[in-house]
Amino acid sequence: MTAVPSSEIKQLLCQKLDELAPVFHRIADYLHQHPELSGEEENSSRLLQDILSESGFSIAPVIPDKLPTAFHGIKGSGPVHIGFLAEYDALPELGHGCGHNLIAAMSTTAAIACADIFADEAAVHIFGCPAEETIGGKVFMSEAGVFAGLDAALICHPSDVTAVGGTSYATHPVKFTFTGKPAHVADPDYHGINALDALVDFYQQLGTLQRTFTEPHIIGKIITEGGTAPNIVPERAAMKATIRALRTEYLEDFMLPRIKELAQQVSQAHGTELEMEHYEPLFKNLINDRQLSEYMKANLEALGTDVTVYPADDADGSTDVGNVSHDAPTIQPEIKIGEGIAAHTYEFAAAAGSEYGKKMALLAAKAMAMTAADVILQKETVKAANNL
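Residues numbered from 1 in each chain as written. Predicted model: local features only at pLDDT ≥ 70, side-chain atom pairs only at ≥ 80, totals over all residues. Heavy atoms only, no water.

> Tell me about the pairing of strand E11 (residues 236-245), and please be specific about residues and values.
Bridge count between strand E8 (residues 170-171) and E11: two bridges; the pairing is antiparallel. Pairing of Thr171 across the sheet is with Arg244, part of E11. Of the strand pairs in this sheet, strand E9 (residues 174-179) and E11 are connected by six bridges, and their pairing is antiparallel. Paired with Lys175 across the two strands is Lys240, which belongs to E11. Across eight bridges, the pairing between strand E10 (residues 217-225) and E11 is antiparallel. When the sheet's bridge partners are listed, Gly220 is paired in E11 with Thr242. (Pairing = 2+ DSSP bridges. Helix = DSSP H or I, 4+ residues; strand = E, 2+ residues; numbered from the N terminus.)

> I'd like to hear about the environment of Ser325, residue by residue, with values.
By secondary structure assignment, the location of Ser325 is in helix H9 (residues 321-325). Of the residues examined, Ser325 reaches a relative accessible area of 9% and is grouped as buried. Considered as a pair, Ser325 and Ala152 are 173 residues apart in the sequence and their alpha carbons are 9.3 Å apart. Those residues in contact with Ser325 that lie beyond four places of it in its chain are Asn285, Leu286, Ile287 and Thr330. Here the side chain of Ser325 touches Asn285 through a polar contact of 3.5 Å, landing on its backbone oxygen. (Buried < 20%, exposed > 50% of the residue type's maximum accessible area, 1.4 Å probe, protein only. Contact = heavy atoms within 4.5 Å. Polar contact = N/O pair within 3.5 Å; in protein donor to acceptor, adjacent residues only side chain to side chain.)

> With reference to specific residues and values, describe the packing of helix H2 (residues 21-33) against helix H3 (residues 42-54).
Relative to each other, H2 and H3 sit at 170°, their axes nearing to 10 Å. Comparing the axis directions of H2 and H3 gives the class roughly antiparallel. Where H2 approaches H3, its residues Val23, Arg26, Ile27, Tyr30 and Leu31 are matched on the opposing element by Asn43, Ser44, Leu47, Leu48 and Ile51. Of the residues contributing to the contact of H2 with H3, the split by class is seven nonpolar, two polar and one charged. (Axes fitted to C-alpha atoms, helices over the stretch in contact; angles between N-to-C directions. Parallel < 35°, antiparallel > 145°, perpendicular 65-115°, else oblique. Nonpolar A, V, L, I, M, F, W, Y, C, P; charged D, E, K, R; others polar.)

Spelled out as structure tokens, the structure:
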């Protein structure tokens, strides 16, 4: 294979994906018409596993006790390890308002094409990644070492723009629960301990502390419990806070210790008890690999598509793909599937099922496969040079 020019190999990959177009549409259409919520994606996961098995992939479960709809498929035994990430969970009421039906179709068909073309040069992996919209299945897969050893991990997300680069916020939400002592507000002898006073004090002081954080960050907070009746001193008060930073290390090693220390100080000052719970796991910041991004941009442009390049610090959300990017070189580019649409809307869900959306996603699958080829051929070139 290495004797064949890269342009011819990429042409073969594109031809293979054209041949796989019926499979692509089968996946995209079935998932769009039969959306399944996070952790419940039994039919979606089974469809992908069946298609991959028919294409010669060996399939195994991944953390079945925690993620029953996750899987790992592999085909080939070459020295280069390429991973494709498939997502397939839908949103309540909206269905595939984040376009995961297209992500599943892109990653699955790109993996099949690469495995067929690079039978001897690469081990092609595909990971079925459930519950991206809720608990973040890739968080637990990363903790289990599932992505370790990959030379590249690839996923492409539907959007209203075709783009590479950017990042995502690391996030590790916390619930703060203050517990005091109830009493009637008019009781002259039995005085309670007002948990809501403690929480409000913490809420206000957190705003002051936040102004000392010098790196880009976000703190969003809501009070979820504040008492049961105005004539009863609140025994319990709780607040949920989404705490985010552009760097995982800044979030975990700098921000969170100071926030938790402040909560403890305020609780002690008010005489309450305090419980702090991370009610969602740590989503790490996304590190879009620069070389992979350059490959992807060039391949998208070679397919006739204009590509926007986001600044390295451009972020507007969080994703469990970030955790993968701390384990292996990773990219999550975007592919335009409609004009002026925003994710998690009915309009986006419609675009994810449209002919234009599927046409653009199939083009992105080609670019993903071409990018995998760049990684494989670059590794082969280095190996050949070292053997001279």
